[in-house]
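# Structural overview
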Amino acid sequence: MSVTGPAGFRAAGVAAGIKAAGARDLALVVNDGPQQSAAGVFTTNKVKAAPVLWSQQVLQERKLRAIVLNSGCANACTGPGGFQDTHATAEKVADVLGAGAIEVAVCSTGLIGERLPMDALLPGVDTAAKALDAGEQSGLDAATAVLTTDSKAKQAHRAHENGWSIGGFAKGAGMLAPNMATMLSVITTDVMISGADLDEALRAATRVTFDRLDVDGGTSTNDTVLVMASGASGVEASQEEFTALLTTVCQDLVRQLQDDAEGATKTIDITVRGAVSEADAVTIGRIVAEDNLVKTAMFGSDPNWGRVAMALGRAQAEIDVDKVEIATNGVTLYADGATARDRSEADLSGRQIEIVIDLHLGEHAATILSTDLSHDYVEENSAYSS
């Protein structure tokens, strides 16, 4: 289950004709209440798509009745006309639901630079509204309708013993980088919670989950994570309990994004510990994750710690070279400023790789999730616009 797991939500995913191939390309998630609390976090890219600008505005009220999402067109870098298209989409959803446009968030994903085919999208909203349902299949249909280069839908759901739950879906396979990771995600919960508390919990959860995914260093124009709370369980939770379960759901979705990244043959966890600050640990982890020489070595199953050392040395963070240790899949290969063990002792033949960098300077740590750089990644992205 995903967004239809918590009580008070209906969803749909339909083929509106935005994608030429006829696949599902329009999703609708509706909050039937009794509460309509909401929160969102968005891309840090200065080039923001029209739906991001719209949704940022409506989320100031921390209230949503619905979220409409399309794949096949990002509606980014489309000027005032693109923003008008987003506004018209929200107004259409509001009209069919008997709500206000200010209660509708809009998300888009796909190729940058093209206007939405509104002659297909607007009738698609009618089709999606008629298909709305609270069943598990409807949640899957919605999760499927947002996919672009993804190979499969990504869903998560967790239930709390006190009778409330959190569910969600996400999409994303390329242009995945920190500062929100490049994807769209919708999360729902039936707990009773205010918009302010929901916002606080979402920011705490995304900081250690979505913000720690870095596949290729590209921060998208369309990154959006939205959460809606229906209050339909009638149960209140402590802020700590809710944030913890929300973080678990987000982490599940992020792991699925990592595993399904474009062309990935390896999933790489880069843990930096012993840092003087968490910011330093994140900075070092990110620069190693984004280094193409590290990524290609991992693709070749080569435990070339020298490339890791080179990359971390470029980071704007506090480092003492003579204290650094680098381990790959449990084998310490570099320590005390020199080779510690022969790199052939580290087995990288499997899909999962763990790189651990211990700075021995402090008590802070962070883990960045990444993937390798493969032939398939290059081929897929070189042909994306076609």
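Treat the numbers as computed from the prediction; the structure is a model and nothing was measured. (Residues numbered from 1 in each chain as written. Predicted model: local features only at pLDDT ≥ 70, side-chain atom pairs only at ≥ 80, totals over all residues. Heavy atoms only, no water.)

### Re the sheet that holds strand β1 (residues 9-14)
On the basis of which strands lie adjacent, the open sheet formed by four strands has the order β1-β2-β4-β5 and mixed pairing. Each having just a single partner strand, β1 and β5 (104-109) make up the two edges of the open sheet. The mean inter-strand angle of the sheet, taken between neighbouring strand axes irrespective of direction, is 10°. For strand β4 (residues 66-71) and β5, the ladder comprises six bridges, and the chain directions are parallel. Counterpart to S71 in the pairing with β5 is T109. (Pairing = 2+ DSSP bridges. Helix = DSSP H or I, 4+ residues; strand = E, 2+ residues; numbered from the N terminus. Axes fitted to C-alpha atoms, helices over the stretch in contact; angles between N-to-C directions.)

### Notes on the nonpolar core
Counting 48 residues, the largest nonpolar core has L26, L28, L64, I67, L69, V93 and F169 as its most contacted members. Dropping the residues within four chain positions of it, L28 is found in contact with R10, A11, A12, A66, I67, V68, V93, A128, A129 and L132. (Core = buried A, V, L, I, M, F, W, Y, C linked by side-chain atoms within 4.5 Å. Buried < 20%, exposed > 50% of the residue type's maximum accessible area, 1.4 Å probe, protein only. Contact = heavy atoms within 4.5 Å.)

### A closer look at the confidence of the model for the protein
Residues of the protein with pLDDT of at least 70 account for 96%, and the chain-wide mean is 93. Considering only residues more than four positions removed or in separate chains, one finds that residues 175-181, a stretch of pLDDT under 50, has 46 contacts. (pLDDT = per-residue confidence, 0-100.)

### With respect to the environment of P51
Looking at where P51 falls in the secondary structure, it is placed in helix α1 (residues 50-58). Under the relative-accessibility criterion, P51 is labelled buried at 1%. Each C-alpha atom, one on P51 and one on T109, is 9.6 Å from the other, the two residues being 58 residues apart in sequence.

### A few points about helix α4 (residues 136-145)
Buried residues of α4: S138, G139, D141, A142, A143 and A145, and no others. Where the residues of α4 are buried, they touch β1, β2 (26-31), β4, α3 (118-131), β6 (154-159) and β7 (165-171).

### A closer look at the packing of helix α5 (residues 195-207) against helix α6 (residues 239-259)
In helix packing, the relevant descriptors are the interaxial angle and the interaxial distance, both defined with respect to the helix axes. Where α5 contacts α6, the axes come no closer than 9 Å and their chain directions differ by 45°. Of the possible angle classes, the one that applies to α5 and α6 is oblique. When you trace α5 past α6, the crossing you get is right-handed. Packed against α5, whose contacting residues are D197, L198, E200, A201, L202, A204 and A205, the element α6 presents Q239, F242, T243, L246, T247 and C250 at the interface. Along the lines of polarity and charge, the residues of the contact of α5 with α6 split into eight nonpolar, three polar and two charged. (Parallel < 35°, antiparallel > 145°, perpendicular 65-115°, else oblique. Left-handed = near helix turned anticlockwise from the far one by under 90°. Nonpolar A, V, L, I, M, F, W, Y, C, P; charged D, E, K, R; others polar.)

### A short note on the environment of G13
Inspection of the secondary structure puts G13 in strand β1. Owing to a relative accessible area of 4%, G13 belongs among the buried residues under this scheme. For the pair G13 and A145, spaced 132 residues apart in sequence, the C-alpha separation works out to 5.3 Å. Among all residues touching G13, those that are not within four sequence positions of it are R24, L26, A27, D141, A142 and A145.

### Considerations on unusual backbone geometry
Residue P34 is bonded to the preceding G33 through a cis peptide linkage, with omega at 20°. The residue P34 is located in the loop between β2 and β3 (37-42) in this model.

### Structural notes on the pattern of salt bridges
Enumeration over the complete set of coordinates arrives at 20 salt bridges. For R314, the salt bridge identified is with D291, shortest N-O distance 2.8 Å. Of this pair, R314 sits in the loop between α9 (305-312) and β11 (325-328) while D291 sits in the loop between α7 (278-289) and α8 (292-299), placing them 23 residues apart in sequence. When its relative accessible area of 42% is taken as the criterion, R314 is described as partly exposed. Residue D291 is classed as buried on the basis of its relative accessible area of 7%. Residues participating in the shared-partner salt-bridge network are R10, D32 and R65. (Salt bridge = Lys/Arg side-chain N within 4 Å of Asp/Glu carboxyl O.)

### Some words on the pairing of β4
The buried count for β4 comes to six of six residues, which makes it a mostly enclosed element. Alternating residues of β4 divide into A66, V68 and N70 and I67, L69 and S71, and every residue in both groups is buried. Viewed along the sheet, the connection from β4 through helix α2 (residues 79-97) into β5 turns out right-handed. (Right-handed = clockwise from strand over helix to strand, strands pointing away.)

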